[in-house]
Structures are given as structure tokens and as C-alpha cells.
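# Chain and residue survey
Each chain, letter by letter, is given below.
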Amino acid sequence: MDEEYDVIVLGTGLTECMLSGLLSVEGKKVLHMDRNDYYGGDSASLNLTQLYRKFRPGQEPPAELGRDRDYAVDLIPKFIIASGGLTEILVHTDVTRYLEFKQIAGSFVYRDGKVHKVPSNEMEAIKSPLMGLFEKRRAKKFFEFIQNYKADDPATHKGLNLDGPMSAVYEYFGLEPSTQDFIGHAMALHLDDDYIKEPARDTIDSIILYTASMARYGKSPYIYPLYGLGELPQSFARLSAIYGGTYMLDKKADEIVVDDNGKFVGVRSGDETVKAKQVIGDPSYFGAGASGEGGKIRVVEEGKVVRAICILKHTIPGTDDADSVQLIIPQSQVNRKHDIYVAMISSTHNVCAKGIYVAIVSTVVETDKPELEIKAGLDLLGPIHDKFVSITDLFTPTSNGKDDNIFITKSYDATSHFETVVDDVHDVWQRVTGTKLVLKKRELEVES
């Protein structure tokens, strides 16, 4: 291969496919390679045979679960926030023409041994059994403040210093710790309680994003692509191809080739070396020794996620028979440092056979017994027909890539939404191109 590319992208996870699609649209000459013979990398959706092959080599899927082709089981469960960053990228690139979306039917939070619907405005707060009478009044005032808030209008800030900690805002409204819990974790979607000490402005923006997304379609702030999350990277791959991007699946990257100064030159696959100015890739392509040296990536602090894919034959108890849910167990409810996430989808999203439900429970690992750490989530599911558990390391790059033209993306974290993935796309884009990613805003159509 004598051809030289602007960028070689390694791995077809969603982050990498978004970047290759966006760069192709900008007129960059992109070559995209993946060692796997399917799209999605760590964020793939597998059929039944692939699922059993991955977790139970040599075991055939039971016939009672139905046809192989009815399944698209996500390895990494995440929902799309209707007004969030991923929606902006999907609409900006017009990738929505390859996808159909459906709403997630409910957003729930676990409290004192029970599952409750998350209130998303002052009216729902007044009706919610999550709070007593006086607390409801205080919460109503807080939600009215959120509704009237404008970042650039100090008159709507109630005299609060929003660059100060979120704890001061909670104190101002007199909100109880349990109310702070569902606001901070089930609405602002923080992973742990560190946010309380951080600038209030960020949490307020996150709550506004949640309520705006909720207002958009009604039942929940989340949407999901039919046929599984694996459709997302494939759609960005199609976008890249339309703009001249070249894709090679089942193509190993045997060596990241660098010159005497350690700068990226190309990628060797077997006897061929493809040249390019820059390389972007997921962390699995840059382990110790991948470029003739170690140290391109490191495991993040608290760097493991445990996930359990559970096959159910019923909806999750306490969720009003919802065919799909996001359920958050705040860490304080289970004496942990990190929340536990439960995401459930069903045949209405074309990801499993009729009468089957796929629930995925995940959290950041804190002990040497990861599976025990998600027990609180598993216990909420009722009888589990089958379960597949994985524990994965979380990697982050050790440098920004500007010195060697090697740009590495981050692993997918335990959050149950795509906002952190979008942050990574923006970050890598700015490092690769030297400019900010600017998106056009349009509307997205979704089935209710």
C-alpha cells in the first residue's frame, strides 16, 4: 500500500467511528482498521451465538431463547440523553438517516429498599413519595429556580455564587441529603458525591439537560436506537465511506511504526505498512510494547468496571411493567462510593426475542469481589434466566498525542449515558485538528 492517508483510525468503537465520520466530512483522507470482523469493538452489540461464544466458549445458546437474529445485546449499556451531546453529533452529521430511535419508557431511582420514578419538574416533585410534605415544598422551589435559571442572567441566580460548591445551593434551598441524592445522581447523573464540592454551575447545567430531555418526549429523558447500540458505529462508518473513508475489518495492526524521533509514521499489518500523518485508536491498540515502548496508556484510578448482562423473562418489579428502564442506585443507599446502574431494554427495541428482557447492571469496582458489588442491582431484577459477567479495565492516554501524532481515546466508563464519550470525541478532535468541534443544531425525530 503506497497510498498515504491523513489519518488512520484503529478500532471501530463508537468513539473511533464518530471521529472517522467527522474527519471524513471535513475532507480528511481516512483509513479505518479493526482486528475484529464486526463493527463496534468494545461497544458492539452481539447476537445470541456471539454472546455465548464470548462468555461461554463451546456452549450453544438454549433454543428456548429464540432465534439468533432477534438479538443485539450491548456489551456496554448506555442510553442517549435526548437533548445531549450525542444527539447533537448525530443530527449535525445527518447520521440519523441510517437510524431509528425509540424512547426509554421510564427513569427510576432506588431509595430505602424501593424503586421510585424520578421526578423531573415541580409538579412531579409534589406528587413523589420520595419526599415528605415540607421537603416537597422546598424541592418545588428548587425546581422553579431550575426552570427560571439562565446562565447569563444573574437576576435568575437568587444571589448564589454558582462558581462555589453545589453544597451551598442545596443548603440555600434546605434540601435533605436524600433529595440531594436523587437530584445529584438520578438527574445530574454524577457517578459519585465529589460533585458536591465542585462548581454548582456544572450540576445545574446537567439538571437542566435532564429536564429539557424529559420535556422533549415525556416518559423519560433517554432514547435508544432500534437494533442495539452497535448500529451507532456502523452508521458513522457509512457516513465516513460516503465521504471517501476506507474501511478494513478483520485487519490486524501488528505494529505502530514510529521514526527515530518517536513520531508516528504508519501502521504495519502483516507484510504491509500503511503510512499516514496521524493515528487515532482505542487503548487496546497501544498496550505496553505496541509501539516498541510501554507507557502510551495507563489504567485510571479506580480503573475497573463490572457489568452483568442478565436475560430476564419479565419486566423489573416496581417499574409499572415498563418495557425499558434506566434505574440508578445512588451510592449512599448501598454504602458505596459509586452508583450502581441498571439499564433494561426489550423486544420493542428489536434487541431480543418477544417475552425476553435484557437488563445490564454495572458499576465501578471498589473491592476484590466485583460481582458482590452489583448484588443490590441484581436483587432488583427478580428471577434471572441467565447472566454473563465481565470485568474490564479502564484506560486513559498518558499524553495528548501532539508530540508523536498518536491520539488515543479513553475506555468506556460505568455511566449509563454517552455524555462522557462525547466529551472524549470533542477532546480528541481538538487535539488532532487544533480547533474546536462546532456542531449545527437541528431536531431529531423519535418514536414514542
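All figures in this text were calculated on a predicted structure; none of them were measured in a lab. (Residues numbered from 1 in each chain as written. Predicted model: local features only at pLDDT ≥ 70, side-chain atom pairs only at ≥ 80, totals over all residues. Heavy atoms only, no water.)

This part is about the packing of helix 1 (residues 14–25) against helix 9 (residues 231–242). Between helix 1 and helix 9, the least distance of the axes is 8 Å, while the angle of their chain directions is 20°. The angle between helix 1 and helix 9 falls in the class roughly parallel. Handedness of the crossing formed by helix 1 with helix 9: left-handed. Between helix 1 and helix 9, the contacting residues are L14, C17, M18, S20, G21, S24 and V25 on the first element and L232, P233, F236, L239 and S240 on the second. The residue inventory of the contact of helix 1 with helix 9, partitioned by class, reads 8 nonpolar, 4 polar and no charged. (Axes fitted to C-alpha atoms, helices over the stretch in contact; angles between N-to-C directions. Helix = DSSP H or I, 4+ residues; strand = E, 2+ residues; numbered from the N terminus. Parallel < 35°, antiparallel > 145°, perpendicular 65-115°, else oblique. Left-handed = near helix turned anticlockwise from the far one by under 90°. Contact = heavy atoms within 4.5 Å. Nonpolar A, V, L, I, M, F, W, Y, C, P; charged D, E, K, R; others polar.)

Before going further, it helps to spend a moment on the domain arrangement of the chain. Entries for the chain in the domain assignment read domain 1 (4–47 + 228–302 + 396–433) and domain 2 (119–219). Between the C-alpha centres of domain 1 and domain 2 the distance comes to 37 Å. (Domains from an automatic or database assignment.)

The sheet contact formed by strand 11 (residues 255–258) and strand 12 (residues 264–269) spans 4 bridges and is antiparallel. Residue pairing across strands places V258 opposite F264, the latter belonging to strand 12. Note that strand 12 and strand 13 (residues 272–281) share 4 bridges and pair antiparallel. Within the sheet, the bridge partner assigned to V267 lies in strand 13 and is V274. Between strand 12 and the antiparallel strand that follows it, strand 13, lie 2 residues; G270 among them carries a positive phi value of about 65°. (Pairing = 2+ DSSP bridges.)

Our focus in this paragraph is a nonpolar patch on the surface. Residues V25, I242 and Y243 make up a contiguous nonpolar surface patch of about 270 Å² in total accessible area. Topologically, Y243 is positioned in the loop between helix 9 and strand 10 (246–248). (Patch = residues over 30% accessible without salt bridge, like charges linked within 9 Å, V, L, I, M, F, W, Y side chains within 5 Å. Areas by Shrake-Rupley, 256 points an atom, 1.4 Å probe, with all protein chains shown as cover. Salt bridge = Lys/Arg side-chain N within 4 Å of Asp/Glu carboxyl O.)

It is worth spelling out the sheet that holds strand 7 (residues 106–111) at this point. Two pairing modes exist for strands in a sheet, parallel and antiparallel, and in both the strands are linked by backbone hydrogen bonds. The 7 strands lie next to each other as 8-7-15-16-17-14-18, forming an open sheet whose pairing is mixed. Either end of the sheet is taken by a strand with one partner, and the two such strands are strand 8 (114–117) and strand 18 (386–397). Each strand axis lies, on average, 25° off the axis of its neighbour in the sheet, ignoring direction. Bridge count for strand 14 (residues 297–312) against strand 17 (residues 357–364) is 8 bridges, and the pairing is antiparallel. When the sheet's bridge partners are listed, L312 is paired in strand 17 with Y357.

Most of strand 16 (residues 340–346) is tucked away: 7 of the 7 residues are buried. Sheet topology places strand 15 (residues 325–329) next to strand 16; 5 bridges connect them, and they run antiparallel. Its bridge partner lying in strand 16, V325 is registered against M344. Relative to strand 17, strand 16 runs antiparallel, the two sharing 6 bridges. (Buried < 20%, exposed > 50% of the residue type's maximum accessible area, 1.4 Å probe, protein only.)

Turning next to a negative patch on the surface. Among the surface-exposed residues, D194, E198, D202 and D205 lie close enough to one another that they form a single negatively charged patch. In this structure, D194 sits in the loop between helix 7 (177–187) and helix 8 (200–217). Since its relative accessible area comes to 33%, D194 is described here as partly exposed. (Lys, Arg positive; Asp, Glu negative; His and termini not counted. Charge placed at Lys NZ, Arg CZ, Asp CG, Glu CD.)

Okay, the packing of helix 5 (residues 133–148) against helix 6 (residues 166–173) next. At their nearest, the axes of helix 5 and helix 6 sit 9 Å apart, and the two run at 125° to each other. In terms of axis orientation, helix 5 runs oblique to helix 6. Mapping the contact onto sequence places R138, K141, F142 and F145 in helix 5 and M166, V169 and F173 in helix 6.

Turning to the packing of aromatic side chains, a few remarks are in order. Counted under the stated rule, the structure contains 14 aromatic pairs. Considering the side-chain rings of F79 and Y222, the 5.9 Å spacing of their centres and the 50° angle between planes classify their relative orientation as tilted. Highlighted residues: F79 in the loop between strand 4 (73–74) and strand 5 (80–81) and Y222 in strand 9 (residues 222–225), separated in sequence by 143 residues. The burial state of F79 is the same as that of Y222; both residues are buried. Judged by centre distance (4.9 Å) and plane angle (80°), the rings of Y172 and F173 are edge-to-face. Ring-pair connections join several aromatic residues into one group, and the members of that group are F142, F143, F145, Y149, Y170, Y172, F173 and Y195. Over the aromatic face of Y5 sits the side chain of K29, whose NZ or CZ is 5.3 Å from the ring centroid. Over the ring of Y285 we find R35; its NZ or CZ atom is 3.8 Å from the centre of that ring. (Phe/Tyr/Trp six-rings, centres within 6.5 Å; stacked < 30°, edge-to-face > 60°. Lys NZ or Arg CZ within 6 Å of the ring centre and 35° of its normal.)

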